[in-house]
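Reading the structure
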Amino acid sequence: MARAVVQVTLFGLLLALVTTLPNKDDWDIYSFHINSTVSSRYATTVITSRVANRMDESKEIEFQVRIPKNAFISKFRMFIDGQAYDGVVKSKGAAKQQYTDAVSQGQSAGIVSSVGRTLEEFKTSVNVAAHKKVTFELTYEELLKRKLGKYELQIHARPMQPVKDFKVDVYIHEKAGINIMEVKGGLSTNAMANAITKTHSDTQAWVYFYPTEDQQKTCDRCGEQGMNGDLVIVYDVNRDNSFGDIKKSSGYFVHHFAPSNLARIPKNVAFVIDQSSSMHGRKIQQTRTALIRILNDLAEEDHFGLITFDSSIFHWKRELVQATEENLASAKTFALQIQDRGATDINQAVLEGARMLNANPREGSASILILLTDGDPTSGVTNLEVIQSNVRKAIAGEFPLYCLGFGFDVNFEFLEKMSLQNNGVARRIYEDSDAELQLKGFYEEVATPLLTDVTMVYEGGINLTQTNFSQYYNGSEIVVAGQITDNDIRTFTPQVVAVSRNRKVVFPGTNVTVESADVADSNIQRVWAYLTVKQLLEKELRLSGPEKESAKKEALELSLKYSFVTPLTSMVVTKPPGESSDVLHKPKEGEAPQTPTSNARQYGLMPTVSDIVMAYDVSSVVYNDLHPSILPGQLVHQFLLKTESLSLPLCYGVYGVVSLKLLHHPNKALFVNGELDEVLLGGFKRIAIHTAAAHFEFDAMKTIVQDGQSTVEYLQQDIVVSRNSVTVIRRAKEIDVVSGDTRIVFLIHEKEGNFYLWPVIRQQPMDTNVTGILALKPAVYEEVQQTPSTILKIQNMEVIATRSTTADYSIASALTLDCWSVPSEFALQRPINEFIVTQI
């Protein structure tokens, strides 16, 4: 029987390409998890998708994911019939023949290709026998880059069908302390808002996204094919020490340097704008708009110049001038009159911009040259290497060159190499309705120089990543990693030397503590490898001759050692016997993907989605293990009621062996109760869920389902049980319960051999008539007295509170928190008896 072909598109940054949608009866994505861990700004994301073939014949299941362009894939596995098939990273040369053979035979060769602004696509497939299952597991790593004072972790989800067991878990650990956090992206609209919960301590934060099947169909960017949108977690860390923070582990260190309490340096900026005929239409209009907005942001102490070019040069003024109100008004008039015409003489234009900056040196200022173009040089000097050589000689290392490539007709590699040769970067500006915002956004990143000629010195350090930086801008960050000689911290002395305005400044590291990384920070060696490979790839691009080959060789060796899929390596995806291996390549920016051309399947590109925005708040209720003064023989269980904005949550005790009303949802005929165990400071030993047609009961070991006259007991993990409107998903360390717009997770904890359950609301019902412990609103209290004892007030109730600590069991790691210990009646604002039920 011929194999049926179905495309499954799953994304963790996941997005899909399909022209026809598969029949839901053919296959089923029954589980889809994205787990991202960020430690010291280094993110490791694992996407796990489980798919079942429901047909009576074998099917080819395609797995496509989109990951950030800045990331390296480091692991890929498939599990079929209990057998693991691992991807192996090889040099492109070693993998080339396998890829060529697959393409020539019309088979599905694996591809990693650039897609959109920030993502690139991973694609592979495997044949799955009738009524069998396959698990895909992809891991990628990236160092988050600080821009405009924030880090961003992007997670995209588009599974192509609603998934019962869908969840996104993000954990952030920053020893410096997290001072702000918010979540943005297209999946936090009103319909999805209650599917996202967050909690945090000083140094740790968690974001959970658990949408129900119904929500996956009804949100703004959802439909019958499920979700299509982003979650972007945005955060920043405390910067109490201007020297930054240094962490070490196993002989490696990483230094994050981002001082903010510095005086702004006046800047000299020359804008070189392409006005050739290829800029016709919306591009030239957006450039005018962006330029006027940028001019509005110049400070009066800044000096600037403006040049437009086609085959000739057009000056607004021939020298830099001060950004006075009069000069800015004149420059805006000039900008409004920019018209597209003629050819493109990039060489002459950039050299003129460099001349203007060199002719107007100002002590204590920072110079910047910005080029915007949308095409290749077609007039004057057109040899790319000659242009690069001319520009390098003209700039002579005195200031950075930033190249903005507008659209996809531009030779981006040419611009990138020219920027890197002159201490700058290149950025692609995408032809879209927000192109002027992209231009403005880039300018804002370099608008406020704080330091120039930055040198990072590490006495007792070897194998260092880049240590010299021409400029440091407000809102950015310098990151350096390396090895500590002989792993001897006593001989390791860091120091930063730079220029602020017209004076030399030294940031001594003599009194800075080099912290030893804990388990969460054990990836410091991989941070070093990631940075080193990135910078070697940049060197390979800008250098030539033996130096180029040396950088390429070193980057390849490190990519293979750490299993990074880079432009120099490929991942060979092994498959069951009888199937050809896939070879997955990482492209360069703007590079067209290598695709099979004979009988291979072709897919259309789905539209790009926009980001969403959501503000940070703390989840309202969790349960905890508190250690107050307990009288001998007393049995007490401790609960925690969190706040939205106050520093300490409230903690209170429930005494005796009782059963509690966790969540009663009368309008949905959903009732969730829990029975506490007999263990001091324990948890719930049994949970019961009642609906109009079914009854569920479970503990840490088993699940019992009663439906009419039938009763079924489930002992295994990784099962999904559905009855009417309730779905119970049992995993190794948690039980996930979904019913309509409600989602509760019961974490399984162990203490001294005792297992117990801890309920955490992941999605609060929209109905205001819901009652129970899980329906409580966040605590809002006032400290009306601090000495000799602390008195808290809620509405008209006042009580003496005792400061205590508690383990937060709404989190798997049971983080210890400080809290105010108060009577239950004060925390609940009603007697505890109102939450007690006679039976579960």
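To keep things clear, this report deals only with the structure shown in the data block. Bear in mind the structure is a predicted one, so any value in this text is a computation, not a measurement.

Next up on the list: the overall build of the protein chain. Secondary structure summary: the protein chain contains eleven helices and 55 strands in total. The proportion of buried residues among the 840 residues of the protein chain is 58%. Long-range contacts, defined here as pairs at least 24 residues apart, represent 69% of the contacts in the protein chain between residues at least 6 apart. Total accessible area on the protein chain stands at roughly 33800 Å², and carbon and sulfur atoms take up 47% of it.

Bringing the packing of helix 7 (residues 412-420) against helix 9 (residues 524-542) into the picture now. At a minimum axis distance of 9 Å, the contact between helix 7 and helix 9 shows a crossing angle of 105°. By the angle between their axes, helix 7 is roughly perpendicular relative to helix 9. Where helix 7 abuts helix 9, its residues Glu-413, Glu-416, Lys-417 and Leu-420 lie against Glu-538, Leu-541 and Arg-542. Here the residues of the contact of helix 7 with helix 9 sort into two nonpolar, no polar and five charged.

Judged by pairing direction, the sheet is mixed, and its five strands sit side by side in the order 28-30-19-18-33 without closing on themselves. Edge positions in the open sheet fall to strand 28 (461-462) and strand 33 (514-516), since each of these has one partner strand only. Bridge count between strand 18 (residues 245-249) and strand 19 (residues 252-257): five bridges; the pairing is antiparallel. Bridge pairing in strand 19 places Asp-245 opposite His-256.

What follows deals with the packing of aromatic side chains. Within the structure shown, the criterion is met by 28 aromatic pairs. Taking NZ or CZ as reference, Lys-283 lies 5.9 Å from the ring centre of Phe-406, over its face. Above the plane of the ring of Trp-316 lies Lys-317, whose end atom (NZ or CZ) is 5.1 Å from the centre.

Before going further, it helps to spend a moment on the pairing of strand 11 (residues 165-173). Two faces make up the sheet, and in a regular strand the side chains alternate between them. In terms of residue burial, strand 11 counts as a mostly covered element, since nine of its nine residues are buried. With burial as the criterion, each face of strand 11 is covered, one bearing Asp-165, Lys-167, Asp-169, Tyr-171 and His-173 and the other bearing Phe-166, Val-168, Val-170 and Ile-172. Here strand 2 (residues 27-39) pairs with strand 11 via nine bridges, running parallel. Paired with Ser-39 across the bridge in strand 11 is His-173.

Before going further, it helps to spend a moment on the pairing of strand 2. Of all 13 residues that make up strand 2, eleven are buried, and the element is covered over most of its length. In this structure, strand 2 lies alongside strand 3 (residues 42-53), joined through twelve bridges in antiparallel fashion. Within strand 3, the position partnered with Ile-34 by the bridge is Ile-47.

So, about the nonpolar core. Among the nonpolar cores identified, the biggest contains 56 residues, and Phe-76, Phe-136, Leu-138, Ile-172, Phe-209, Leu-231 and Ile-233 are the most heavily contacted of them. Broken down by element, the residue count for this core peaks at five residues, all from strand 2. Core analysis: the second largest hydrophobic core is formed by 51 residues, Leu-660, Phe-696, Val-721 and Leu-828 among them.

The rules behind each value
Residues numbered from 1 in each chain as written. Predicted model: local features only at pLDDT ≥ 70, side-chain atom pairs only at ≥ 80, totals over all residues. Heavy atoms only, no water. Helix = DSSP H or I, 4+ residues; strand = E, 2+ residues; numbered from the N terminus. Buried < 20%, exposed > 50% of the residue type's maximum accessible area, 1.4 Å probe, protein only. Contact = heavy atoms within 4.5 Å. Areas by Shrake-Rupley, 256 points an atom, 1.4 Å probe, with all protein chains shown as cover. Axes fitted to C-alpha atoms, helices over the stretch in contact; angles between N-to-C directions. Parallel < 35°, antiparallel > 145°, perpendicular 65-115°, else oblique. Nonpolar A, V, L, I, M, F, W, Y, C, P; charged D, E, K, R; others polar. Pairing = 2+ DSSP bridges. Phe/Tyr/Trp six-rings, centres within 6.5 Å; stacked < 30°, edge-to-face > 60°. Lys NZ or Arg CZ within 6 Å of the ring centre and 35° of its normal. Core = buried A, V, L, I, M, F, W, Y, C linked by side-chain atoms within 4.5 Å.

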